[in-house]
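Tertiary structure, described
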Amino acid sequence: MAASKASPRDEVLMEGEFDLFPNDKPLYKVTLSRGGITYYPIIGSNNIKKSKYLHFGDIIGCRCKKAKDEKYQSKAYLTIFLYPFKKKLFSSKLIRSRELVTFGVNASSKFEENRVLVEKWRRVIMHLANNLSVELTAVDRCPVPPKKNLLVLINPHSGPGKAMQIFQNDVVPMLDEAEIKYDLIKTEYAGHASKLVKERNIYEWDGIVIVSGDGLIYEVLNGLMQREDWQKAINVPIGCLPGGSGNALCCSINYSAGEPFKSNCILHSTFILIKHKVVPMDLVVVQQPNLPPVYSFLAVTWGLIADIDYESEKYRAIGEARFTLQGLRRIFNLRVYKGRLSFLPITSYLPKSGSVTDSSKKVSSKQRFKRFSLHSVGDNFVDNSMDDKETDSERRPRTKSMPANLSQEGNDHASVLEIEDNDLDNIFDQDGVSLNVSELDISTGKQNVDLENSLISNGKVAHSSVSDLQGNLQKSDSVKDNAESGKYADSGFAAAKTSGSLDSFDFIERLTATKVPGKPVPSPLLVQFNESVPKDWVTVEDDFITVCAAYQTHLNSDFLAAPDARINDGIIHLFFVRSGIGKSELLKLFTEMDKGSHVDSTSPYIEVVKVLAFRLEPAENQGVMMVDGEKVASAPIQGQVLPGLARIMGIL
Ligand SMILES: Nc1ncnc2c1ncn2[C@@H]1O[C@H](COP(=O)(O)OP(=O)(O)OP(=O)(O)O)[C@@H](O)[C@H]1O
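First things first, this report covers the structure right here in the doc. What you are looking at is a predicted structure, and each value in this text was computed from that prediction instead of being measured.

Turning next to the site of the ligand. Around the ligand lies a shell of 22 residues, among which Gly159, Ser212, Glu219, Ser245 and Gly246 are the nearest. In the environment of the ligand, an oxygen atom lies 2.8 Å from a nitrogen or oxygen atom belonging to the backbone of Gly213. Here the ligand, which alone exposes 630 Å², has 84% of that area covered by the protein. With four residues, helix α4 (residues 214–225) is the single largest residue contributor to the shell around the ligand. When grouped by side-chain class, the residues that make up the shell around the ligand number three nonpolar, 13 polar and six charged.

See below:
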């Protein structure tokens, strides 16, 4: 075994001579390094040139198998499930697609010995595919990585009403391949998910996956923030799979991971979920007079953008086309809204047109940066310099800071055999996904016989008691240890604080200092509505077409609202359009929203500003106002960013 090479990534950890199912011959030389698996036929000339490579960044799981055919009873098989990028048919776009590679191992005449060898390969592959380190000296005793257990919440009525179908048909097979366990709950009414995460012991799970639109994500995040122990609860990672009509957070997460979101978004989002890292995500605390604060992850919108979102609700069944349809209608029937917009910019603000009450000049940009650095999240801040020059509006180009674990799409990845392995039986189910199943009334915690309302583990339903359920939810020791020793112990502020220059910003100090259980999140940048905004804010008083304060890149798959945004940049990307803009210019802007070109617009009516906090006061409370796609009162509204407070399952 194992001649070591220069780079630790290339160091050969394991090697063997296997055949490639379904053929017995030729034999292949197979080597495993930390980056991936290389194999080439042993016979023939130039055979190394025929070598193929399976990148661990593309591999989601593997299984040990046994042949059904008597003839091959001594042989053990290793099936690898991977999702490499490939060119889409008739297009230059790269999308992931499923492949299987199965090696046949016949090193011994005894099946048991071949099985032990295959099992060893499997454990090392699972480790490296999960981005865990493996030392050369530890290969022989590499354990099976701990299995993740997720809570999956599905809104069966979201978007075109196919969330359940999507999950069962497209997501479950991938989760099974990756040996990820889950408990599934279908929401029964609006507010159900919020109640659930407020009342249940959510720490049983490694994360909460939401199969729905942004509405259910909003419910879950706000439910977590309403818990007595919100500081801990908000650290539970949230994953999202697109079931709604807008799926803005899903698009933003995929975009930031460099994964497509228009072509087969479900597959790419599930891939992210399986390969995820836990990434801090900014929230914005949003206040309105006489109402409790809400926690927003996407955007506050007013005017045209909010109108389109709200008025197109009735067309949810047609998916995202609803936004285009309603958008065109509204542009030809334009409304103007008078209001006052105030904000705390991160750099000095110079208006393109109109007037401002510009007290911001009193605080230099240098001072402001000292108070709240753009690079506040340190390691989490993604470098803009691109390694991947491909310009595909669907995928943010890969950056230097993206993990080595992800494959470089577009490299000459092996065109591996595309075989279905119906001739093989899975073996070693004891290591596979547990098929424990139960029913439970999620509101009372009692056993329930109504399957519609049941909690289902890995898709199978059986009759069992609550204590069985608790047994089923038992995790591996390492996972339990994590939970008990503070896997969710502290909120995102601490993570943001230690990872960058936020230390210098007293706002963060005050936030962390006042995180007392049961106390609301402090919002030191905001003042009471009956007080004027602080002196270092800018105020614009005008007639507006729209105002949009976004903190994610996308507000739907065709609306790249804040192209510069990062999931945890600690910035609110404010964009507003003043009245006076021509319909043709507005139409151009609207049709190019998928490219995010509004941020480069030279139009004097279009403004883009990066801010930490804002206040919007609509005159006579006119116009629809939306928070994360949920309609709120048309009344004064203000918000400030809470950097990296929440956690998502993403890849940065
Ligand atoms: N079983 C249910 N019946 C009725 N409403 C529900 C149910 N479950 C959740 N809801 C509510 O439905 C609303 C819309 O859900 P969601 O946003 O997930 O889907 P959508 O509106 O179709 O998607 P998008 O936000 O992407 O347009 C949410 O506010 C949620 O509270």
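Picking up after the structure, the text goes on.
Inspection of the secondary structure assignment puts Ala635 in the loop between β27 (630–632) and β28 (637–650). Taking the C-alpha atoms as reference points, Ala635 and Val624, 11 residues apart in sequence, are found 9.5 Å from one another.

Formed by 100 residues in total, the largest nonpolar core has its most connected members in Leu153, Ile208, Phe343 and Phe576. Among the elements that make up this core, the one with the highest residue count is strand β21 (residues 538–550) (eight residues). Counting the residues that make up this core, at least three belong to each of domain 2 (149–287 + 433–489) and domain 3 (294–378 + 521–644). Sequence-distant contacts of Phe576, defined by excluding residues within four places in its chain, comprise Leu341, Phe343, Tyr349, Val540, Phe544, Thr546, Val547, Tyr605, Ile606, Glu607 and Val609. Ranked by size, the runner-up nonpolar core spans 32 residues in total, among them Leu13, Phe56, Cys62 and Val134.

This part covers the state of the cysteines. Going through the model one piece at a time under the given rule, you end up with zero disulfides. Between Cys64, a free cysteine, and Cys62, which holds the nearest cysteine sulfur, the sulfur-to-sulfur gap is 6.8 Å. Given the relative accessible area of 1%, Cys64 is considered buried. You can see Cys265 has no disulfide; the closest cysteine sulfur is in Cys250, sitting 4.9 Å from it.

Let's shift gears to the pairing of β28. The buried count for β28 comes to 14 of 14 residues, which makes it a mostly enclosed element. Where strand β25 (residues 606–618) and β28 come together, four bridges link them in antiparallel fashion. Paired with Phe614 across the bridge in β28 is Gly639.

For the rest of this paragraph, the subject is unusual backbone geometry. For the bond from Phe21 to Pro22, the omega torsion is 10°, close enough to zero to count as cis. Within the secondary structure, Pro22 sits in the loop between β1 (12–20) and β2 (27–33). The omega angle of the peptide bond from Lys25 to Pro26 is -5°, so this bond is cis rather than trans. On the secondary structure map, Pro26 appears in the loop between β1 and β2. The residue Asn131 is not glycine, and still its phi comes out positive at about 65°. Residue position: Asn131 is located in the loop between α1 (111–129) and β10 (149–154). On the basis of relative accessible area, Asn131 is assigned to the partly exposed category, the value being 42%.

Relative to each other, helix α6 (residues 248–257) and helix α7 (residues 265–275) sit at 65°, their axes nearing to 10 Å. If you check the angle between α6 and α7, you find them roughly perpendicular. α6 and α7 meet at a crossing whose hand is left-handed. Across from Cys250, Ile253, Asn254 and Ala257 in α6, the residues of α7 making contact are Cys265, His268, Ser269 and Ile272. Partitioning the contact of α6 with α7 into residue classes produces five nonpolar, three polar and no charged.

Tallied over the entire structure, the rule returns 12 aromatic pairs. Here Phe21 and Tyr77 contribute two aromatic rings whose centre-to-centre distance is 5.5 Å and whose plane-to-plane angle is 85°, an arrangement assigned as edge-to-face. With Phe21 in the loop between β1 and β2 and Tyr77 in strand β6 (residues 76–82), this pair connects stretches of sequence that are 56 residues apart. Of the two residues, Phe21 and Tyr77, neither departs from the other in class, the shared state being buried. Grouping aromatic residues by their ring pairs yields a cluster made of Trp302, Tyr337, Phe343, Tyr349, Phe544 and Phe576. Here Arg96 stacks its cationic end above the ring of Phe271, 3.9 Å away from the centre of that ring. The residue whose ring lies beneath Lys232 is Tyr203, and the NZ or CZ to ring-centre distance is 4.1 Å.

As a further point, take the side chain of Glu607. Looking at where Glu607 falls in the secondary structure, it is placed in strand β25. Looking at Glu607, its side chain comes within polar contact range of the side chain of Arg578, at 3.3 Å. Among all residues touching Glu607, those that are not within four sequence positions of it are Tyr349, Leu350, Pro351, Lys352, Ser353, Leu574, Phe575, Phe576 and Arg578.

Let's shift gears to the pairing of β6. Regular strands place side chains that alternate from one sheet face to the opposite one. A large share of β6 lies buried, amounting to seven of its seven residues. Burial along β6 is two-sided: Ala76, Leu78, Ile80 and Leu82 facing one way and Tyr77, Thr79 and Phe81 facing the other are all buried. Where strand β5 (residues 59–67) and β6 come together, seven bridges link them in antiparallel fashion. The partner of Gly61 across the bridge, within β6, is Phe81.

What follows covers the environment of Leu589. Note that Leu589 resides in helix α15 (residues 583–591). Considered as a pair, Leu589 and Val599 are 10 residues apart in the sequence and their alpha carbons are 10.0 Å apart. Sequence-distant contacts of Leu589, that is, excluding residues within four places in its chain, are made with Phe575, Val577, His598 and Ile606.

Reading guide: rules and limits
Residues numbered from 1 in each chain as written. Predicted model: local features only at pLDDT ≥ 70, side-chain atom pairs only at ≥ 80, totals over all residues. Heavy atoms only, no water. Near = heavy atom within 4 Å. Polar contact = N/O pair within 3.5 Å; in protein donor to acceptor, adjacent residues only side chain to side chain. Areas by Shrake-Rupley, 256 points an atom, 1.4 Å probe, with all protein chains shown as cover. Helix = DSSP H or I, 4+ residues; strand = E, 2+ residues; numbered from the N terminus. Nonpolar A, V, L, I, M, F, W, Y, C, P; charged D, E, K, R; others polar. Core = buried A, V, L, I, M, F, W, Y, C linked by side-chain atoms within 4.5 Å. Buried < 20%, exposed > 50% of the residue type's maximum accessible area, 1.4 Å probe, protein only. Domains from an automatic or database assignment. Contact = heavy atoms within 4.5 Å. Disulfide = S-S within 2.5 Å. Pairing = 2+ DSSP bridges. Axes fitted to C-alpha atoms, helices over the stretch in contact; angles between N-to-C directions. Parallel < 35°, antiparallel > 145°, perpendicular 65-115°, else oblique. Left-handed = near helix turned anticlockwise from the far one by under 90°. Phe/Tyr/Trp six-rings, centres within 6.5 Å; stacked < 30°, edge-to-face > 60°. Lys NZ or Arg CZ within 6 Å of the ring centre and 35° of its normal.

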